[in-house]
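# Residue-level structural notes
Chain by chain, the residues:
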Amino acid sequence: MAPARLVAGGRPLPSSLHTLMPRYNPAVIEPKWQRFWSEHRTFAAPRMPAGPKYYVLDMFPYPSGDGLHVGHPEGYTATDIICRHRRMCGHSVMHPMGWDAFGLPAEQHAKRTGTPPRVTTEKNIATFKRQLQMLGFSYDWDRELATTDPDYFRWTQWIFLQLFDTWFDRDQQRGRPIAELPVPEDVRQAGEEAVRRFQDAHRLAYQSEAPVNWCPALGTVLANEEVIGGLSERGSHPVVRIPLRQWMLRITAYADRLEKDLEGLDWSESIKALQRNWIGRSTGAEVDFYVGHDQGPSGRPHPGEFKEWRNQRAAGSFPDKPGDDVIRIYTTRPDTLFGATYVVLAPEHRFVARLTRPEQADAVKAYCEQAQHKSDLDRTDLARSKTGVFTGSFAANPVNQRPVPIWIADYVLASYGTGAIMAVPAHDTRDFEFARQFNLPIVPVVDPAADAADRAQVLAGEAVFPGDGVSINSSSYDGIPTAEFKQRITADLADRGQGREAVNYKLRDWLFSRQHFWGEPFPILHELDASGNRTGLMRTVPADELPVNLPELEKFESHGSPEPPLDQAPESWLYVTIDGQRYKRETNTMPQWAGSCWYYLRYLDPKNDKALIDPAVEKAWMPVDVYIGGAEHAVLHLLYARFWHKVLYDRGYVSTVEPFQKLVNQGMILGEVELTGYQAEGGEWVSASAVNTSDDDGKPRLKLGGEEVITVKVPFDQVTKSGESFVLKDQPEIRLESRAYKMSKSRGNVVNPDTVVREYGADSLRLYEMFMGPLEATKPWSMEGVNGVRGFLDRAWRMIVNERAEGLELNAAVVDEAPTVEQNRILHKTIQGVTQDFERMAFNTSISKLMEFTNYFFKCDRRPRAAMEQFVLLLAPLAPHLAEELWALLGHEITLAYEPWPRFDPEAVREDTAEIPVQINGKLRARVEVPTGADAPAMEQAAKDDVRIAELLAGKTVVKCVVVPGRMVNFVIK
RNA sequence: GCCGAAGUGGCGGAAUGGCAGACGCGCCGGACUCAAAAUCCGGUGCCCGCAAGGGCGUGUGGGUUCAAGUCCCACCUUCGGUACCA
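Heads up: these notes are all about the structure in this document. (Residues numbered from 1 in each chain as written. Chains lettered and ligands numbered in written order. Predicted model: local features only at pLDDT ≥ 70, side-chain atom pairs only at ≥ 80, totals over all residues. Heavy atoms only, no water.)

It is worth spelling out the pairing of strand 8 (residues 211–215) at this point. Of all five residues making up strand 8, four are buried, and the element is well covered by its neighbours. Pairing of strand 8 with strand 9 (residues 220–222) involves three bridges; the strand directions are antiparallel. Each bridged residue has a counterpart across the sheet, and for C215 the counterpart in strand 9 is T220. (Buried < 20%, exposed > 50% of the residue type's maximum accessible area, 1.4 Å probe, protein only. Helix = DSSP H or I, 4+ residues; strand = E, 2+ residues; numbered from the N terminus. Pairing = 2+ DSSP bridges.)

Listed as buried for helix 15 (residues 429–438) are D431, F432, F434 and A435. Axial view of helix 15: buried residues confined to an arc of 165 degrees, hence all on one face. Buried residues belonging to helix 15 abut strand 16 (342–345), strand 18 (403–408) and strand 19 (420–423). Phi turns positive one or two residues past the end of helix 15, at N439, with a value near 55 degrees. (Arc of directions from axis to C-beta. Contact = heavy atoms within 4.5 Å.)

Moving on: the sheet that holds strand 25 (residues 534–540). The strands making up a sheet associate through hydrogen bonds between their backbones, and the pairing can be parallel or antiparallel. Overall, antiparallel pairing links the four strands, which are arranged 25-24-27-26 in an open sheet. The sheet is open, and its two edges are formed by strand 25 and strand 26 (575–578), each paired on a single side. In this sheet, adjacent strand axes meet at a mean angle of 40 degrees when their direction is disregarded. Sheet topology note: the strand 26/strand 27 (residues 581–585) ladder contains four bridges and is antiparallel. By the bridge assignment, I578 is partnered in strand 27 with Q581. (Axes fitted to C-alpha atoms, helices over the stretch in contact; angles between N-to-C directions.)

Among the structural elements, R927 can be located in strand 42 (residues 923–931). When the C-alpha atoms of R927 and I916 are compared, they prove to be 5.4 Å apart, with 11 residues separating the residues in sequence. Other than its neighbours up to four places away in sequence, R927 contacts E915, I916, P917 and D946.

Here we take up the packing of aromatic side chains. The tally for this structure, following the rule as stated, stands at 53 aromatic pairs. Here the aromatic cluster, defined as three or more aromatic residues joined through ring pairs, consists of F160, F164, F168, W247, Y254, W510, F512, F522, W593, Y640, F643 and W644. Between the NZ or CZ atom of R203 and the centre of the ring of F164, over which it lies, the distance is 4.0 Å. In this structure, R795 is placed above the aromatic ring of F858, and the distance from its NZ or CZ to the ring centre is 4.4 Å. (Phe/Tyr/Trp six-rings, centres within 6.5 Å; stacked < 30°, edge-to-face > 60°. Lys NZ or Arg CZ within 6 Å of the ring centre and 35° of its normal.)

Read across the sheet, three strands follow the order 9-8-12 without closing on themselves; strand pairing throughout is antiparallel. What marks the edges here is a single partner per strand, and that holds for strand 9 and strand 12 (240–243). If you compare each strand with its neighbour and ignore which way they point, the axes differ by 55 degrees on average. Here strand 8 pairs with strand 12 via four bridges, running antiparallel. Across the sheet, residue N213 finds its bridge partner in strand 12, namely R241.

Listed below in structure tokens is the structure:
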């Protein structure tokens, strides 16, 4: 039995609960019940589940200064309903809440005002918590945590130490302790320092000097995922690429498992597709194009040396690492090798300098420098036309030995594949564009299907065909379908030691450090030499000395360089001496994603100071049974958390392969629908069909002429619908735009939950958010809709309460007698419907079923108490405050939170007769009453006996009669 | 461009291949009221008709089926994501 019930059990409700208050007044009853639940710890979850467990998790919020938004309670209400329902079904429910409290806004606020981020954060958390509690969610607040708590980030740092201590064993496809990493003999011979550097190069957490996305406006480096089209995701500031020492996490090692394990998860296919897309696994081949160690004046490989190379390769095998004599390329289309007419290197490719002929040196140097300084924004802007430069050198195509020119172009990315490609302009759109630009040969090697529209052009080298077909111009390989050819040529290349099958991912390693103050410090110390410079060696802060706390800073201002703010920390924090060796602390901090990667584990054992979680507790509660949150986290958060979870699994700290068994994304809530009209300068109306709103500057302009027009919000009563669109009543030729926009401060359409609760009550807000439509859909807000569900709650109240009485008393229609057969049928249909709808999270329809119940019983002047009680229990997960109040009024002295969920009785809903539609040629023509169990011939006869049907059948031939017993009858006639 | 989701009354939306529009909002009518609000009762897809009834109807065009909002093919529109990943 759940603890809350023991606490509340048998104890009479405080007398204050029976206030004089005949009208439904959420402003009084909601705070009262919230206090009751809190005082009695009604929703405290047991340490270990008793009976079946159910772990329901919300994506915890970032407590922003703006407070709660109506989008937050949508998911939270859904999870709350699930939890309250499950408790009534006898499950041990885990339902915690906490705060994703590190984050840039608090730090930026600190820069502006000098208020320490911790102070701002605590204030914001207090606001969020008040707002969540005002909505009556059944969280176990004893488990509350914030990622900024030292007791929490102590374990975030501890997990980092595990990542640091782990290498990925490709053969076993799992992470293993670094101590088990096989060290090559030559490294071992080179001494202890060499071994340490070798290990450092294989850890899941490693440092890299790679170019990063530096955003001067935000004063920080951003992850690739945080840069969209060359601008920062947050605030849309320009981003430039500069080199900086960074911490990286080797998530790419887990790419295969992250993709494969999606299969068993109960997530929507579209979210899985999003993740698969992001991981971007592709299969193809790596192929070596011979260039020789050094070319003659012609820039071409020496034929004799090339032949010798081929023989050597044929006798040996394809080397793991390419030597200096070849360009290794990656392709997904090895079947088009005969059509490879040139090779392209990324500007950052290590062979660029070596392969550049003297006469091309200036052009190449200029091009590469330009590419290096190009921001991502520039690259995106220039995406339309291809740029590149010829090196002057050639490589040998391994399948036909022909020399092909080597180019450099920034459409080839250094960070993907091998940083070099073979270009097949006839069958790759980008290569085609490039070849056209620079007049390079285009050789078709795939024949499209005979009926393809542009086949002739493709075969003439005038159009690109990226699809599958049959090989041509491919020597002895002609006439083979694409898929088969890929396999054959890959196998043949492998035999000759010139290629091998290969897999690539779009997913990159995770840039894991930020130049922030307000983040988790790394538990890392950098060794310093005598002059105070880093030696490149480091040591970890031992686990039992964690957490590494943040120092007190006096100033938070950005100093305009990528140096982290922690570099300005007091020396006492910054420098450490151990055994006579001086160290400097790592001054980068972890990104906001870190804390959210594992919070679902800590909730289960939030006070444990010996381990991040007690393994027995972990085993008992994991995995999360339902996880609900916004689709904006569909890729990053969920991928990162899954990655950490898998590492913890490999290292034996968790027992499940995946953390979140079922995932649901709630849809966005938009502002109220707005009608927008357009007026020209003179004030005369312009039809929306003549206005272009999606121009570069976002200002609406006339499609013809391009003059700016002003937008006017039009009240609904001046508008009517004509055909597909809304028009002005007075001027029906003037079309208006009707649509709901994303809530934003600038548009002024933000709905504040505090206002809604004040005017309608928390139960109304909860109910409305669920009644709007399917949980996963994007839906526009409507205050009239809130008023509508409030009307339902008022009606439910009056169905049970005598509103005209002086004090709180039952409606006289509520009687202690058995329900009639029909009343009982309605009740059990409601039980059945609500229960089924809850199971498929169709809360909107479950509410409409409760409305139907209320509509029916409202008309009854005798309302059996038992039916009313069952109704209150069904309503409880949705509108818990009202339900508790009515439950108490119906004479119960303890909370209904653990009352058994109403049981559906199939007998009760059985009817003697059923009304059956009768169709003729598929059109509804009549309805007939038949006994419930009627068989097909009986139904057919009953249909024929109907006067109207008989009339319509008279003189016609019945070709066929389709009868679905219990459902319908259809006559097919001639 | 590619990937994903969605197009149903005036609006939000409902419908295991089997009575399209449940439920709610809005609107119309009635009751109560001096009146209004609140509340209660009834009606409400569109067109024709006094009515009985009939016709049309789930983005568009085809198809499968006795029967299609639902399944298949092609397309249009909107929203979300993504962008030279070879």
